[in-house]
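# Summary of the model geometry
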Protein chains: 2
Amino acid sequence: MELSERKLKILRAIISSYIQEGEAVGSRTISKKHNMGISSATVRNEMSDLEELGYLIQPHTSAGRVPTDKAYRLYVNGLLKSTSVSKYSEQINRILQEEINEMNSFIKNSARILSNFTHYTSFAMTPQLRESRLKHIQLVPVSDNKILLVIVTENNIIKNVVFKMSSPIPHDQLNRISNLLTVKLSGVKLSMLNRELQNEILREIHSIRESFDEKLDELMVLLMNTANQYEKVELYYDGLTNILNYPEYSDTNKAKELLSFVEDRESFTKALLNVEGKDLSILIGKENEFEQIKECSIVTATYKLNGIIIGKVGLIGPTRMDYKNVISMVKSLSFNINKLINENYTDTKRSETDG
Amino acid sequence: MELSERKLKILRAIISSYIQEGEAVGSRTISKKHNMGISSATVRNEMSDLEELGYLIQPHTSAGRVPTDKAYRLYVNGLLKSTSVSKYSEQINRILQEEINEMNSFIKNSARILSNFTHYTSFAMTPQLRESRLKHIQLVPVSDNKILLVIVTENNIIKNVVFKMSSPIPHDQLNRISNLLTVKLSGVKLSMLNRELQNEILREIHSIRESFDEKLDELMVLLMNTANQYEKVELYYDGLTNILNYPEYSDTNKAKELLSFVEDRESFTKALLNVEGKDLSILIGKENEFEQIKECSIVTATYKLNGIIIGKVGLIGPTRMDYKNVISMVKSLSFNINKLINENYTDTKRSETDG
DNA sequence: CTTAGCACTCATTAAGAGAGAGTGCTAACA
DNA sequence: TGTTAGCACTCTCTCTTAATGAGTGCTAAG
């Protein structure tokens, strides 16, 4: 059933009042404060209808009414189309630039910005690099049998891992091996660094120099293992304690339950996997799979590199969330992240060869 | 005034009861449950004395008594001497080893262990490297005008920073420059990388090759700036939400106040600076400088490299803290951190030349 | 269809009455 | 002189009751 214009207007008024005040909204409030031009009794009739349609519920008989998840969904769907980029967009851009040189700091910074501007609890995932291609490999001596492997991808993202070799490796060979590996592996996707490729390359190397380095075999194995770990993304939070600002969580046990769920990266990451990979995606209340966050909403945006989604940023808060502000904030943030990433981390070689 | 043996025994009984139960302790409880062999009336007299001496207070007339900070201090001083390493020491060692290869992960892991074992909120500072000496410098090409600077110290700790140069730098020169910088700067303390040294080295380099690289000047400046940032230590937390387990913080506002203080790294870092650099140090309640944590205790241990304190780990919780368990846990942890760091990150070159 | 009016519901608050825990003091006892 | 039993007293906590007030649903009139 389609809602009449007046019902919609009343529903929207109830929702924004509830979002602001956090208390059940009565018919008189709507009739008076929102300049409806209709009496409270009329509003009551409409509200009664809206309740029957599943958009409102009463916490108890003599209380006002509270929007349901269904109502928020309707409200949010309307906002998604209309809401534009926040007026803070330029300021966000400026703050983001401060940490542009290092990807992880950049992502951490993104989370901080989001929680600072919205006063909700924010999160940001570091980029997933499976589709990235290797550009440069450099081995750096650390100690007798420890070496540092530095990998630079074509989109200028850096990863490094320390290896402990079974026995010392001559330092003067490291540059030579680095060059060899760079030549052999540049252009290869991280996700392609598997056993077959490894054997193939080893064969090729062996064919060139019979006894090049017995170390190389071991190194390659370590390299492959590292590459596979790249799928592990990190999750940064900011403003965890912001949750305690909202009366919904004035009960410590409730706050504890939610905060523990979020603080435990494993569980929360699972919850985030359920979020669709749309540019902007919102899960409201019971739309969330996990019990602990069924009274929360999660707003998530993606960021892309060369058109491929590589990460997500967003925030979590009570279903009674200031969606309007949040949506424009998250939109601005992801817009700027995308812009800066594609300016600074774009796949230089590919963009020359592919298009 | 020296406390009599009996007063001490009663005080200890009150403290451990209060630590366990979290409720004011009455004379009857002590007399009955702790096998004192004296009546509650006698205990009452003693408690009255203890109150006068400042070791106990009554929340209100008809309540039992609660230990003061002074009492905890007495109690803790006793424990510090006697408490030995935890029975979980080996388990801790095993978990620590899992992340031994990378210093930051290692420290993060330390914080996690501490909060998991104690159920308090833990923290760990990454090492401060001012006294470390450079061992190896490697420049890695990232993109046309971005390069990665990797620094390895003599104690095998790795730091890396991405630079954006004002104009492209030829990649084939990077190894040459790396070697040059390594030769010139190895053995130099990070804290010594200042302007004078920079000029001296530049002069020296210029004298060798008149027009070596006009880039080198710029690079050196960036290198110095980076070196100065090494004093910036990172602070990792774990178990922030554990604070909510304790009835002291069942009031959300109180919890919020404390959690915000801790979550705001800046303020909390300041608080930690006040902690003495002893092997194990405890600040109880009002001994803390900042208002927000005057009802908390902070237990901190240091970790060293080559005999120099380079970082701290510890935890924060209500003054009614299970000091016995906490102390043995923190002792075990710092013991194992020290052991593993000195096994894996020891200053190889120095130990050969210096000692 | 809208609205004024009114009875009704239910959460929230305040006040009052016990109950219970624990103390301080006194007097008796070893 | 130190210890203990006994008892009055204090103060918190909990439960009950009553009053308040916000808000609804229904009815009847406009």
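Below: a short report on this structure. (Residues numbered from 1 in each chain as written. Chains lettered and ligands numbered in written order. Predicted model: local features only at pLDDT ≥ 70, side-chain atom pairs only at ≥ 80, totals over all residues. Heavy atoms only, no water.)

### Observations concerning the interface of chain A and chain B
Each side of the interface is counted separately: chain A has 39 residues, and chain B has 39 residues. Carbon and sulfur atoms make up 51% of the surface buried where chain A meets chain B, a total of about 3,300 Å² over both sides. A salt bridge links Glu234(B) to Lys108(A); the nearest nitrogen and oxygen atoms lie 3.2 Å apart. Our count for the chain A to chain B interface comes out at 20 residue pairs in polar contact (both at pLDDT 80 or more). Mapped by element, the contributors of at least two residues to the side of chain A that touches chain B are strand 4 (134-143), strand 5 (146-153), strand 6 (158-164) and helix 10 (252-263) of chain A. A per-class count over the side of chain A that touches chain B returns 14 nonpolar, 15 polar and 10 charged. (Contact = heavy atoms within 4.5 Å. Buried area = accessible area lost by both parts, 1.4 Å probe. Salt bridge = Lys/Arg side-chain N within 4 Å of Asp/Glu carboxyl O. Polar contact = N/O pair within 3.5 Å; in protein donor to acceptor, adjacent residues only side chain to side chain. Helix = DSSP H or I, 4+ residues; strand = E, 2+ residues; numbered from the N terminus. Nonpolar A, V, L, I, M, F, W, Y, C, P; charged D, E, K, R; others polar.)

### Quick word on the relation of the copies chain A and chain B
Aligned on chain B, chain A shows an RMSD of 0.1 Å; the corresponding rotation is 180° and the shift along the axis is 0.0 Å. The transformation just described matches what one would write down for a two-fold rotation axis. In terms of proximity to the rotation axis, the leading residue of chain A is Thr252(A), whose C-alpha is 3.0 Å off the axis. (Least-squares fit on C-alpha atoms with pLDDT ≥ 70 in both.)

### Brief notes about the protein's contact with DNA strand D
Around DNA strand D sit 21 residues in total, of which Ser27(A), Arg65(A), Arg6(B), Thr42(B) and Thr61(B) are the nearest. Restricting the count to atoms of DNA strand D within 4 Å of the protein gives a sugar and phosphate share of 74%. Within the contact set of DNA strand D, a phosphate oxygen lies 2.6 Å away from a side-chain nitrogen or oxygen of Ser27(A). Mapped by element, the contributors of at least two residues to the surface near DNA strand D are helix 3 (40-52) of chain A together with helix 3 (40-52) of chain B. No other element matches helix 3 of chain B, which puts four residues into the surface near DNA strand D. Looking at the surface near DNA strand D residue by residue, the class counts come to five nonpolar, 12 polar and four charged. (Near = heavy atom within 4 Å.)

### Some points on the side chain of Thr302(A)
Structurally, Thr302(A) is set in strand 9 (residues 296-305). What Thr302(A) contacts, discounting residues up to four positions off in sequence, is Gly277(A), Lys278(A), Asp279(A), Ile309(A), Gly311(A), Lys312(A), Ser334(A) and Asn338(A).

### Section: the packing of helix 1 (residues 5-21) of chain A against helix 3 of chain A
In a pair of packed helices, the angle between the axes and the distance between the axes together describe the arrangement. All names here are of chain A. At their nearest, the axes of helix 1 and helix 3 sit 10 Å apart, and the two run at 90° to each other. When the interaxial angle is binned, helix 1 and helix 3 end up roughly perpendicular. Two secondary-structure elements touch here, helix 1 through Arg6, Lys7, Ile10, Leu11 and Ile14 and helix 3 through Thr42, Val43, Glu46, Met47, Asp49 and Leu50. Looking at the contact of helix 1 with helix 3 residue by residue, the classes come out as six nonpolar, one polar and four charged. (Axes fitted to C-alpha atoms, helices over the stretch in contact; angles between N-to-C directions. Parallel < 35°, antiparallel > 145°, perpendicular 65-115°, else oblique.)

### Quick word on the protein's contact with DNA strand C
Taken together, the neighbourhood of DNA strand C is formed by 20 residues, with Arg6(A), Thr42(A), Thr61(A), Ser27(B) and Arg65(B) sitting nearest. The contact atoms of DNA strand C, taken as those within 4 Å of the protein, divide so that sugar and phosphate hold 75%. Contact distances for DNA strand C include 3.3 Å between a base oxygen and a side-chain N or O atom of Arg44(A). Between DNA strand C and Ser27(B) there is a distance of 2.6 Å, counted from a phosphate oxygen to a side-chain nitrogen or oxygen. Sorting the residues of the surface near DNA strand C by element identifies helix 3 of chain A together with helix 3 of chain B as the ones contributing at least two each. Class assignment for the residues of the surface near DNA strand C results in four nonpolar, 12 polar and four charged.

### Considerations on the pairing of strand 4 (residues 134-143) of chain B
All names here are of chain B. Among the 10 residues of strand 4, 10 are classified as buried, and the element is accordingly described as predominantly covered. Bridge analysis of strand 4 against strand 5 (residues 146-153) gives eight bridges, and the strand direction is antiparallel. From the neighbouring strand, Val140 faces strand 5, where its bridge partner is Leu148. Taken together, strand 4 and the strand that follows it, strand 5, pair antiparallel across an intervening segment of two residues. (Buried < 20%, exposed > 50% of the residue type's maximum accessible area, 1.4 Å probe, protein only. Pairing = 2+ DSSP bridges.)

### Some details on the sheet that holds strand 6 (residues 158-164) of chain B
Residue and element names in this part refer to chain B. Taken in spatial order, the three strands make up an open sheet running 4-5-6, and their pairing is antiparallel. The open sheet has two edge strands, strand 4 and strand 6, and neither has a second partner. Sheet twist, expressed as the mean angle between neighbouring strand axes with direction ignored, is 20°. Pairing of strand 5 with strand 6, which is carried by seven bridges, proceeds in the antiparallel orientation.

### Considering the packing of aromatic side chains
Between two aromatic rings, the relevant description is the distance of the centres plus the angle of the planes. All names here are of chain A. According to the stated counting rule, one finds 14 aromatic pairs over all chains in the structure shown. Aromatic pair Tyr72 and Tyr323: ring centres 5.7 Å apart, planes at 50°, arrangement tilted. Placement of Tyr72 in helix 4 (residues 69-82) and of Tyr323 in helix 12 (residues 323-344) is noted, with a sequence separation of 251 residues between them. This pair shows no difference in class: Tyr72 is buried, exactly as Tyr323 is. One aromatic cluster is present, formed by Phe123, Tyr237, Phe261, Phe268 and Phe290 through successive ring pairs. Across the ring face of Tyr249, the terminal group of Lys254 is positioned such that the distance to the ring centre comes to 6.0 Å. (Phe/Tyr/Trp six-rings, centres within 6.5 Å; stacked < 30°, edge-to-face > 60°. Lys NZ or Arg CZ within 6 Å of the ring centre and 35° of its normal.)

Purely spatial values, then, with no claim about function.
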